[in-house]
Amino acid sequence: MSNIAVSSPLGGGAFEAGLVPYPEDVAGEYRAAGYWNGRTLPSELKTAALEHADQTALITPELTLSYRDLFADAESFAAGLLEATSLWPGDAVMFQMGNVAETVVSYLGCLMAGIRPVCTLPQHGVREISVLARHVGARGLILQADFGHGQLPDHARELVSGGVVDEVIVTRGPVFDSAVAYADLLRIGTSMDPAELPYRTLDPGQVAVFQLSGGTTGLPKVAPRLHEEYAYNACAWANKLGWGRGTVALYPLPIMHNAGISVALHPALLSGATLVLAPSASIGTLLDLIEATRPNVIPLVPPALAVRLLKDPRSRETDLSSIKDFIVGGQKLPLEIAERLREVLGIKIRQKFGMAEGMFMVTPPDASEQVRHHTVGAPISPADEILILQPDSDIEVADGEVGELCVRGPYTIRGYYRAERHNAEAFTAEGFYRTGDLARRHVIDDMTCYSIDGRIKDVINRGVEKIHADEVEELIMRHPDVANVALVAMPDEVLGERGCAYLVLETGAQPLTVESLGGFLLAQGLAKYKLPERVESVPSLPLSNVGKVAKKVLRDDIAHKLADELTPDA
Ligand code: AMP
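Residues numbered from 1 in each chain as written. Predicted model: local features only at pLDDT ≥ 70, side-chain atom pairs only at ≥ 80, totals over all residues. Heavy atoms only, no water.

Considering the overall build of the protein chain
(1) Moving on: Helix and strand counts for the protein chain come out as 18 helices and 25 strands.
(2) Moving on: Rg of the C-alpha trace for the protein chain: 23 Å, near the compact-globule value of 25 Å for 570 residues, within the 12% margin.
(3) Moving on: Projected onto the principal axes, the alpha-carbon positions of the protein chain cover approximately 70 × 60 × 55 Å.
(4) Moving on: Expressed as a percentage of its 570 residues, the buried residues of the protein chain come to 60%.
(5) Moving on: Excluding contacts between residues fewer than 6 apart, the proportion of contacts in the protein chain whose partners are at least 24 apart in sequence is 71%.
(6) Moving on: Put simply, the protein chain shows about 21900 Å² of open surface, and 51% of that area lies on carbon and sulfur atoms.
(7) Moving on: Taken as two groups, the 50 positive and 73 negative side-chain charges of the protein chain have centres that lie 2 Å from each other. (Helix = DSSP H or I, 4+ residues; strand = E, 2+ residues; numbered from the N terminus. Rg over C-alpha atoms; globule rule 2.2 N^0.38 Å. Buried < 20%, exposed > 50% of the residue type's maximum accessible area, 1.4 Å probe, protein only. Contact = heavy atoms within 4.5 Å. Areas by Shrake-Rupley, 256 points an atom, 1.4 Å probe, with all protein chains shown as cover. Lys, Arg positive; Asp, Glu negative; His and termini not counted. Charge placed at Lys NZ, Arg CZ, Asp CG, Glu CD.)

Structural notes on the pattern of salt bridges
(1) Moving on: Applying the stated rule across the entire model yields 41 salt bridges.
(2) Moving on: Among the salt bridges present, the one from arginine 116 reaches glutamate 16, with a minimum N-O distance of 2.6 Å. With arginine 116 in strand 4 (residues 116–118) and glutamate 16 in the segment before helix 1 (24–32), this pair connects stretches of sequence that are 100 residues apart.
(3) Moving on: Classification of arginine 116 as buried rests on a relative accessible area of 5%. (Salt bridge = Lys/Arg side-chain N within 4 Å of Asp/Glu carboxyl O.)

A word on the pairing of strand 19 (residues 433–444)
(1) Moving on: Counted residue by residue, strand 19 has 10 buried out of 12 residues, so it is predominantly covered.
(2) Moving on: When strand 18 (residues 403–408) meets strand 19, the two strands line up antiparallel, connected through four bridges. Pairing of glycine 403 across the sheet is with alanine 439, part of strand 19.
(3) Moving on: Where strand 19 lies against strand 20 (residues 447–455), seven bridges are found, and the strand directions are antiparallel. (Pairing = 2+ DSSP bridges.)

Here we look at the site of the ligand
(1) Moving on: With respect to spatial proximity, 15 residues lie near the ligand, and among them Lys352, Ala356, Asp437, Lys457 and Lys466 are the closest.
(2) Moving on: Contact with the protein chains removes 87% of the 500 Å² of surface that the ligand exposes when unbound.
(3) Moving on: Per-element accounting of the shell around the ligand gives the leading share, four residues, to strand 14 (residues 349–355).
(4) Moving on: Class assignment for the residues of the shell around the ligand results in five nonpolar, five polar and five charged. (Near = heavy atom within 4 Å. Nonpolar A, V, L, I, M, F, W, Y, C, P; charged D, E, K, R; others polar.)

So, the nonpolar core
(1) Moving on: Core analysis: the biggest nonpolar cluster contains 130 residues, and Leu70, Phe77 and Tyr107 have the highest contact counts within it.
(2) Moving on: With residues up to four places along the chain from it excluded, the contact list for tyrosine 107 reads Leu41, Phe95, Pro117, Val209, Tyr230, Met256, Ile261, Leu265 and His266.
(3) Moving on: With 29 residues, the next largest nonpolar core counts Leu250, Ile290, Val307 and Leu333 among its residues. (Core = buried A, V, L, I, M, F, W, Y, C linked by side-chain atoms within 4.5 Å.)

Quick look at the sheet that holds strand 17 (residues 385–389)
By way of backbone hydrogen bonds, the strands of a sheet pair with one another, either parallel or antiparallel.
(1) Moving on: The four strands are arranged 17-18-19-20 in an open sheet whose pairing can be described as antiparallel. Edge strands, defined here as strands with exactly one partner in the open sheet, are strand 17 and strand 20. Strand after strand, the sheet turns through a mean of 50° between neighbouring axes, direction not considered. (Axes fitted to C-alpha atoms, helices over the stretch in contact; angles between N-to-C directions.)

Section: the domain arrangement of the protein chain
(1) Moving on: Each assigned domain of the protein chain is listed here: domain 1 (40–55 + 64–217), domain 2 (281–455) and domain 3 (459–566).
(2) Moving on: When each unit is reduced to the centre of its C-alpha atoms, the spacing between domain 2 and domain 3 is 27 Å.
(3) Moving on: The interface of domain 2 with domain 3 comprises nine residues on the first partner and 12 residues on the second.
(4) Moving on: Around 740 Å² of area is buried between domain 2 and domain 3 when both sides are counted, 49% of it from carbon and sulfur atoms.
(5) Moving on: In this structure, the connection of domain 2 to domain 3 is made through two salt bridges.
(6) Moving on: As a salt-bridge pair, glutamate 497 and arginine 455 come within 2.8 Å of each other at their nearest N and O atoms.
(7) Moving on: Along the contact surface separating domain 2 from domain 3 lie six residue pairs in polar contact (both at pLDDT 80 or more).
(8) Moving on: A per-element tally of the side of domain 2 that touches domain 3 places helix 11 (residues 303–311) first, with four residues.
(9) Moving on: Of the residues assigned to the side of domain 2 that touches domain 3, the class counts are three nonpolar, three polar and three charged. (Domains from an automatic or database assignment. Buried area = accessible area lost by both parts, 1.4 Å probe. Polar contact = N/O pair within 3.5 Å; in protein donor to acceptor, adjacent residues only side chain to side chain.)

Digging into the packing of helix 3 (residues 67–84) against helix 7 (residues 182–190)
Between two packed helices, both the angle of their axes relative to each other and the distance between the axes serve to describe the pair.
(1) Moving on: Running from N to C, helix 3 and helix 7 point in directions that differ by 95°, and their axes come no closer than 7 Å. Taken together, the axes of helix 3 and helix 7 lie roughly perpendicular to each other. Listed contacts from helix 7 to Asp73, Ser76, Phe77, Ala79, Gly80, Leu81, Glu83 and Ala84 of helix 3 are Tyr182, Leu185, Leu186, Ile188, Gly189 and Thr190.
(2) Moving on: The class makeup of the residues in the contact of helix 3 with helix 7 is eight nonpolar, four polar and two charged. (Parallel < 35°, antiparallel > 145°, perpendicular 65-115°, else oblique.)

Brief notes about the pairing of strand 23 (residues 482–492)
(1) Moving on: Here 10 bridges tie strand 23 to strand 24 (residues 496–505), and the two strands are oriented antiparallel to one another. Bridge pairing links methionine 490 to arginine 498 in strand 24.
(2) Moving on: Hairpin connection from strand 23 to strand 24: three residues lie between these consecutive antiparallel strands.

Topic: helix 5 (residues 126–136)
(1) Moving on: The element helix 5 is extensively covered by neighbouring structure, given that nine of its 11 residues are classed as buried.
(2) Moving on: Taken together, the buried positions of helix 5 are Val126, Arg127, Glu128, Ile129, Ser130, Leu132, Ala133, His135 and Val136.
(3) Moving on: On its buried side, helix 5 packs onto strand 3 (92–96), strand 4, helix 6 (152–161), strand 8 (207–212), strand 9 (222–226) and helix 16 (469–476).
(4) Moving on: Of the residues one or two after helix 5, glycine 137 is the one with positive phi, at around 75°.

Details of the sheet that holds strand 23
(1) Moving on: Read across the open sheet, the three strands follow the order 23-24-25; overall the sheet is mixed. Both outer strands of the open sheet, strand 23 and strand 25 (534–537), are each paired with one neighbouring strand and no more. Within the sheet, the average angular offset between the axes of one strand and its neighbour, ignoring direction, is 25°.
(2) Moving on: Helix-sheet contacts for helix 18 (residues 551–566) involve strand 23, strand 24 and strand 25, and the interaxial angle to strand 23 is about 55°.

Below, the structure written as structure tokens:
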């Protein structure tokens, strides 16, 4: 194997530039306490695969794979990748893959080859992939040719001709130009000796996976997830939920998100559970999979999806009794939805909070409704630490008061990758991550738990996809007819929030519509899910007393307009 047997450039030693490591004494404490175990993420996954070889690891509507077969494919992919491409251990590879088995195989295969997956989405445009690939230094791209309208191969050609990536691996469609077929990698890798794969020699303190946080116009926010801490994140979740053989976890959201990896893929495969991967979050698909696979846990249901489940009459006819843990999260849960899930579908929800930077909270299964309906519970690790600080200060607020949620612990990053400027603002001097979320600490039934009460970061949470306002605003400002813009969240019954663009137009310009602005932004390479879904033209933007755009005024304005439109006679 050409690139396999070489000693890995990641085999220990100094931390790479731009990576903020955990302080040595802290890492020592995490190891001494048994949270971290000095092994790499792929080593942990492989150990679990050997232990549970005959169990079912993965179910999709297309196939079922045992641990033995899944990891045999992943090892073949890894070996093929190192043999038949110019990629090396330590390289990063962009992912543009949906919820299909090939995604799981190639993700695991990259880890086993010592190659770092970058968890981009198939919805991302050429510009977004280019910016992120350059930021992390990615050289490869794995794409799903039949995703969406089949646009990804064309995007990949552009990325190769623009010198952004050197290697393209194509799944589920014909190869083109110099791209390599997924099936060929598996075939080539099958004849190699998996014992030569480099993952055992990697440094567990180095980057295993890159997760995304911010937008792509300014300096990107990329969360470097390190082998030991990322594996621990998943183990802590699996332990907290009591996962093991016999657990069947159905996951309905994009699996390459941090949430997909940390509450579904890793914890399932590290604990001997079965992961059922839904190809989409359509209610029909989910109900079919629930009937066919009888999952006992759905580890993340965004409120938006819960609403659709409640609305579909088929939900009431489907036997949901296998689901013991129905965990809602990703967005603020309106109380009414929790109550209707109980009343209409007999579902007793739990809530969770989590983020790409780390820190997960979940409500205990047996907690009172006061805890399960009103809070996101408590952190999943005993070593997680939380401060609720007055925004822009290091002063803690009293219990019950709203402040910024600041977190630190054995799976929360200590800094964004190659982003000193962000890190100076986003972390306290003691290494707590300032989440930009507003929260309160409560003591209910003798239990300390937390509620999420809004946010100070300028983000729109659209059915758990995050839209960073500054990214969209910067692209809108490139439109010749726009003099100023503010993108704000408008409430939406289905998705929780959608983006509304308040535009100040240049004198004499024709009004822009959702369609015309959308067309312009798509041409700028913005992903479709980030497009503004309403446009309001205003003579000027309201300013706060420190001269910043008063987005709260705009959010209130659009919320009132929407309410008035619903009750036109009021
Ligand atoms: P991501 O990094 O994409 O997983 O998004 C993390 C962000 O989603 C958090 O910082 C919150 O703003 C939001 N979030 C996640 N879970 C919840 C929740 N249960 N309630 C409210 N907001 C949430």
